[in-house]
Amino acid sequence: METLRPDVASGRRRFPLAWLGTLPFFAYTFAFLFLPAGNVLIGAFKGVHGGWTFSNITTLFHQPYRNAYETSIEVSLTTAVLGAALGFGLAYAAIRDGTPRWIRSLLTTFSGVAANFGGIPLAFAFIATIGTIGVATQFLKNQLHIDIYGQGFSLFTKTGVEVVYLYFQVPLMLLVIAPAIGGLKREWREASSNLGASSWQFWRYIGGPVLMPSLLGAVILLFGNAFAAYATAYALTSGAVNLVPIVIGAYYSGNVLNNPHLAQALAFGMFFVLAVMMMIYVPLQRRAARWAK
Amino acid sequence: MRPKRRIALSAAVWLVLGVAYFLIPLLATFLFSLRSIQTGKCCSLAAYHFVLHNGDFWHTLKVSFLLALETIAISLLLFVPSIYLVHLKLPRLRPVIAFFALIPFVVPPIVLVVGLLNIYRGTPSWFYDKPSGFLAAGYVILAFPYMFFSLDAGFRSIDVHTLTEASQSLGARWPTTLFKVILPNIRTAALAGSFLALAIVLGEFTIANLAQFHTFPIFLEYVNETQPYGAAALTGISFAITWAAMLSLLFIGRKRAAGSGSVIAGVR
């Protein structure tokens, strides 16, 4: 079938030239993606006075760094699982039979915006809402006599960070999972109920297994999304919550580095966690693609 | 014909709660921004007055906008010809580039900036000390996955071989083929990628903060520390910009083949 390919049929071999054309792309990604990534990976294993060492990496397993990783993973896991559950419920409510179609498109549009509304402005929106003098805080206090700060809630803690992260996690989940839910065919549902299956049986034996790879993949995506987040937590807590990106950031904001390789090691730790996630995510995604519309 | 069904009660409850969760912070931010700077009571436009008459606001907004335009220009120049060549002649290379496009997920901005600072510290100041140099270089990488998946979907929806053959058999040279035949056909994909890049650059805080550049999000953070109502007004403005970018994206998307591209940019 080679003759059907016009580039081969023309008789002129342009292969070297075509490779040359992609050179700028490879040069650029090498200079600004692979070189910096390589710097972090290699630097993490370098000592202060040169030479190779594992001491930077072993430092990560001691305080306060160990705590930073635990907090980061806890926040990411909580918001990923909660975000996935809430996002799924919302997506299913929007897609299921009986819900008008315009609701679905409106919700998808809004999720596109909300999933992108992260970082500094998002933190402010929540400070203005449930900060100490926020609109909702004062409304609850003055009108309903519920003092949320008096009862121990604070936006500027780990819980606060989790509440805020959900604002972009839920819409992201909705965007990611909607095609998978749309891929559940109505015929399957009808066939299973014709055969006498209950709603629970449908979800247990058909809907669940079909959606499972997409759901797990989405949880991983959400985890990575929260794990890498820096700006939102920074603006919210001014660095009071000990997350890995915040610790790395503190190293670079004017402080003199006594061991620059420690920042690289911290970054390497993040890379490692995300790489493990990616290795689970890619095969899951491949499986999920089988059913998604 | 199936009978029209009414919306399920549980679905309605989910939707109402969901919409409330998303809208309340936006509404509260708006109300907050109307508070008077002196008394903290409603209603005053002083916060907006403060923002709009602040030189730094216009300056940093300009810096960020120019940065976004530069990022978009470099990304298109870099990615369009490569992805075109990949679709035309080097299909085996496509999985390689698709794999590259996943790497920014594993190397997020906070990791990338550590490497970038270490590698490029000590380079000439026209690059290292300028947003248009160092920052733009990093932002192209942040935009890369979104640009790639958008452009890739665009190229997949057109017949690259036939278009190129037709153009060349009519005597067009390579630049003519690329700019007058291919580019108009992937215009919507390129625009979609560009709007995502715009949203990313206008909101990016991590790299700018660690590399100590003064962009719009950095100004936003500075105002938050000094002037809470002004910060709320700025948040509203910032949200409007995100809305504008995303709505433009959807408006373009309507003309495009369904199911291609994603609208998930990451500014955290």
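1. Points about the overall build of chain A
In step 1: Secondary structure assignment for chain A yields 14 helices and zero strands.
In step 2: Helices (α) and strands (β) of chain A occur, in sequence order from the N terminus, as α-α-α-α-α-α-α-α-α-α-α-α-α-α.
In step 3: Here the C-alpha radius of gyration of chain A, 24 Å, is well above what a compact globule of 293 residues would show, namely 19 Å.
In step 4: Overall, the C-alpha framework of chain A stretches about 80 × 70 × 30 Å when taken along its three principal axes.
In step 5: Taken across its 293 residues, chain A has 44% of its residues classed as buried.
In step 6: For chain A, contacts bridging at least 24 residues in sequence account for 76% of all contacts bridging at least 6.

2. Side note on the overall build of chain B
In step 1: Per the secondary structure count, chain B includes 13 helices and zero strands.
In step 2: Mapped in sequence order, the helices and strands of chain B form the string α-α-α-α-α-α-α-α-α-α-α-α-α.
In step 3: Oriented by its inertia axes, the alpha-carbon framework of chain B measures out at about 75 × 70 × 35 Å.
In step 4: Taken over 268 residues, chain B has a buried fraction of 47%.
In step 5: Long-range pairs, those at least 24 residues apart, make up 78% of the contacts in chain B with a sequence separation of at least 6.

3. Comments concerning the domain arrangement of chain A
In step 1: According to the domain assignment, chain A contains domain 1 (1-43) and domain 2 (60-291).
In step 2: A separation of 36 Å is found between the C-alpha centroids of domain 1 of chain A and domain 2 of chain A.

4. Let's talk about the packing of helix 14 (residues 260-288) of chain A against helix 5 (residues 109-120) of chain B
In step 1: Taken N-terminus to C-terminus, the directions of helix 14 of chain A and helix 5 of chain B make an angle of 145°; their axes are 9 Å apart at the nearest point. The element helix 14 of chain A and its partner helix 5 of chain B pack so that their crossing is left-handed. In contact with Ala263(A), Gln264(A), Ala267(A), Met270(A) and Phe271(A) of helix 14 of chain A, helix 5 of chain B contributes Ile110(B), Val111(B) and Val114(B).

5. Quick word on the interface of chain B and chain A
In step 1: At the junction of the two partners, chain B supplies 72 residues and chain A supplies 71 residues.
In step 2: Looking at the side of chain B that touches chain A, the element that brings in the most residues is helix 1 (residues 9-33) of chain B, giving twelve residues.
In step 3: Among the residues forming the side of chain B that touches chain A, the class breakdown is 51 nonpolar, 15 polar and six charged.

6. Details of unusual backbone geometry
Across residues other than glycine, the phi torsion is negative in most instances, and most of the peptide bonds are trans.
In step 1: Cis geometry is found at the peptide bond from Gln63(A) to Pro64(A), where omega equals 0°.
In step 2: Within the fold, Pro64(A) resides in the loop between helix 4 (55-59) and helix 5 (65-95).
In step 3: With a phi angle near 55°, Gln212(B) is a residue other than glycine that sits in the positive phi range.
In step 4: The class for Gln212(B) is exposed, based on 12 C-beta atoms found within 10 Å.

7. Description of the confidence of the model for chain B
Residue and element names in this part refer to chain B.
In step 1: A residue-level look at chain B finds 91% of positions with pLDDT of 70 or above and a mean pLDDT of 83.
In step 2: Counting interchain partners and residues more than four positions distant, the pLDDT-below-50 stretch residues 256-263 has 13 contacts.
In step 3: On the interface metric, ipTM, the complex scores 0.84, and its pTM is 0.84.

8. Quick word on the nonpolar core
In step 1: Membership of the largest hydrophobic core comes to 168 residues, with the highest contact counts inside it found for Ala91(A), Met173(A), Ile177(A), Leu222(A), Ala267(A), Leu151(B) and Ala197(B).
In step 2: With 17 residues, helix 7 (residues 131-156) of chain B is the largest single contributor of residues to this core.
In step 3: Residues within four places of Ala91(A) in sequence aside, it is in contact with Leu174(A), Ile177(A), Ala178(A) and Ile181(A).

9. Notes on the packing of helix 6 (residues 101-116) of chain A against helix 9 (residues 158-182) of chain A
Residue and element names in this part refer to chain A.
In step 1: Two elements in contact, helix 6 and helix 9, have axes whose closest approach is 8 Å; the angle formed by their N-to-C orientations is 130°. It follows that helix 6 is oblique to helix 9 by the angle criterion. Every pair of crossing elements has a handedness; the one defined by helix 6 and helix 9 is left-handed. Side by side, helix 6 and helix 9 meet where Leu 107, Thr 108, Ser 111, Gly 112, Ala 114 and Ala 115 of the first sit next to Tyr 167, Phe 168, Pro 171, Leu 172, Leu 174, Leu 175 and Ala 178 of the second.

10. As for helix 10 (residues 187-203) of chain B
In step 1: For helix 10 of chain B, with 17 residues, the first-to-last C-alpha span of 24 Å sits near the 24 Å given by 1.5 Å per residue.
In step 2: Counting buried positions along helix 10 of chain B yields 15 of 17 residues, so the element is predominantly enclosed.

11. Notes on the environment of Leu61(B)
In step 1: Inspection of the secondary structure assignment puts Leu61(B) in helix 3 (residues 55-88).
In step 2: As a C-alpha pair, Leu61(B) and Leu77(B) span 16 residues in sequence and 24 Å in three-dimensional space.

Analysis parameters
Numbering of residues starts from 1 in every chain and runs along the sequence as written. Labels follow written order: the first chain is A, the first ligand is 1, and so on. Only residues with pLDDT of at least 70 are given local features in this predicted model, and only at 80 or more are side-chain atom pairs given and counted; all residues enter the totals for whole chains, interfaces and linings. Strands are runs of DSSP state E lasting at least two residues, helices are runs of H or I lasting at least four, and both sets are numbered from the N terminus onward. To get the radius of gyration, use the C-alpha atoms; to get the globule rule, take the number of residues to the power 0.38 and multiply by 2.2 Å. Between the buried cut of 20 or more and the exposed cut of 12 or fewer other C-beta atoms within 10 Å of a residue's own C-beta lies the partly exposed class, and all C-beta atoms are placed from the backbone. Residues are scored as being in contact if the C-beta atoms we place from backbone atoms lie within 7 Å. What counts as a domain boundary in this text is fixed by an automatic or database domain assignment. What counts as an axis is a line fitted to C-alpha atoms, over the stretch in contact for a helix, and the angles between N-to-C directions run from 0 to 180 degrees. It is the rotation of the near helix from the far one that decides the hand of a crossing: anticlockwise by less than a right angle makes it left-handed, clockwise makes it right-handed. Each residue is assigned to one class: nonpolar for Ala, Val, Leu, Ile, Met, Phe, Trp, Tyr, Cys and Pro, charged for Asp, Glu, Lys and Arg, and polar for all the others, Gly among them. Summary of the metric used: pLDDT quantifies the predictor's per-residue confidence within the range 0 to 100. When buried Ala, Val, Leu, Ile, Met, Phe, Trp, Tyr and Cys residues are joined through C-beta atoms within 7 Å, the set is termed a nonpolar core. With respect to orientation, any angle under 35 degrees is reported as roughly parallel, any angle over 145 as roughly antiparallel, any angle of 65 to 115 as roughly perpendicular, and every other angle as oblique. To estimate the expected span of a helix, count its residues, drop one, and scale the result by 1.5 Å.

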